[in-house]
Amino acid sequence: MKSQSKGRRHGAVMMIGMFFANLFDPKKGVATEQIATQRRIGSEANRFAQAAAAPPSRGTRP
């Protein structure tokens, strides 16, 4: 019985430690923000391909 409760405590402590490690890891935050931005606006290659495929814009004539 003693080993089960000890194992549960260690598991809980490990989960709490992992939570705070993820919370305060600055590199992970930057990576997550970059992924969210790429999903929102698309990759750079896709944007260039779309711009090249777009019809020419009509400029203003003087």
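Residues numbered from 1 in each chain as written. Predicted model: local features only at pLDDT ≥ 70, side-chain atom pairs only at ≥ 80, totals over all residues. Heavy atoms only, no water.

S.K.: So what exactly am I meant to see when it comes to the overall build of the protein chain here?
M.R.: Check the secondary structure of the protein chain and you find 3 helices and 0 strands. Listed N to C, the secondary structure of the protein chain is α-α-α in terms of helices and strands. Of the accessible surface of the protein chain, which amounts to about 6,300 Å², a share of 62% is contributed by carbon and sulfur atoms. (Helix = DSSP H or I, 4+ residues; strand = E, 2+ residues; numbered from the N terminus. Areas by Shrake-Rupley, 256 points an atom, 1.4 Å probe, with all protein chains shown as cover.)

S.K.: How should I be thinking about the packing of aromatic side chains in this particular structure?
M.R.: One pass over the structure, following the stated rule, counts 2 aromatic pairs. Ring geometry for Phe19 and Phe20: centres 5.2 Å apart, planes at 75°, overall edge-to-face. In this structure Phe20 comes out as partly exposed when scored by relative accessible area, which is 40%. Among the aromatic residues, those joined into a ring-pair cluster are Phe19, Phe20 and Phe24. (Phe/Tyr/Trp six-rings, centres within 6.5 Å; stacked < 30°, edge-to-face > 60°. Buried < 20%, exposed > 50% of the residue type's maximum accessible area, 1.4 Å probe, protein only.)

S.K.: Just to check I follow, could you spell out a nonpolar patch on the surface for this structure?
M.R.: Taken together, the side chains of Ile16, Phe19, Phe20, Leu23 and Phe24 make up a nonpolar region of the molecular surface, amounting to roughly 550 Å² of accessible area. Residue placement: Phe20 occurs in helix H1 (residues 2-23). (Patch = residues over 30% accessible without salt bridge, like charges linked within 9 Å, V, L, I, M, F, W, Y side chains within 5 Å. Salt bridge = Lys/Arg side-chain N within 4 Å of Asp/Glu carboxyl O.)

S.K.: Sorry if this is basic, but what is going on with helix H2 (residues 26-41) here?
M.R.: Within an α-helix, residues lying three or four positions from one another point in the same direction, as the helix has 3.6 residues per turn. For H2, with 16 residues, the first-to-last C-alpha span of 23 Å sits near the 22 Å given by 1.5 Å per residue. Residue Gly42 follows H2 closely and has a positive phi angle near 90°. (Expected span 1.5 Å × (residues − 1).)

S.K.: Any chance you could explain the confidence of the model for the protein chain here in plain terms?
M.R.: Mean pLDDT over the protein chain works out to 76, with 77% of the residues at or above the 70 mark. Per-element confidence in the protein chain ranges from a low mean pLDDT of 73 for helix H3 (residues 44-53) to a high of 81 for H2. (pLDDT = per-residue confidence, 0-100.)

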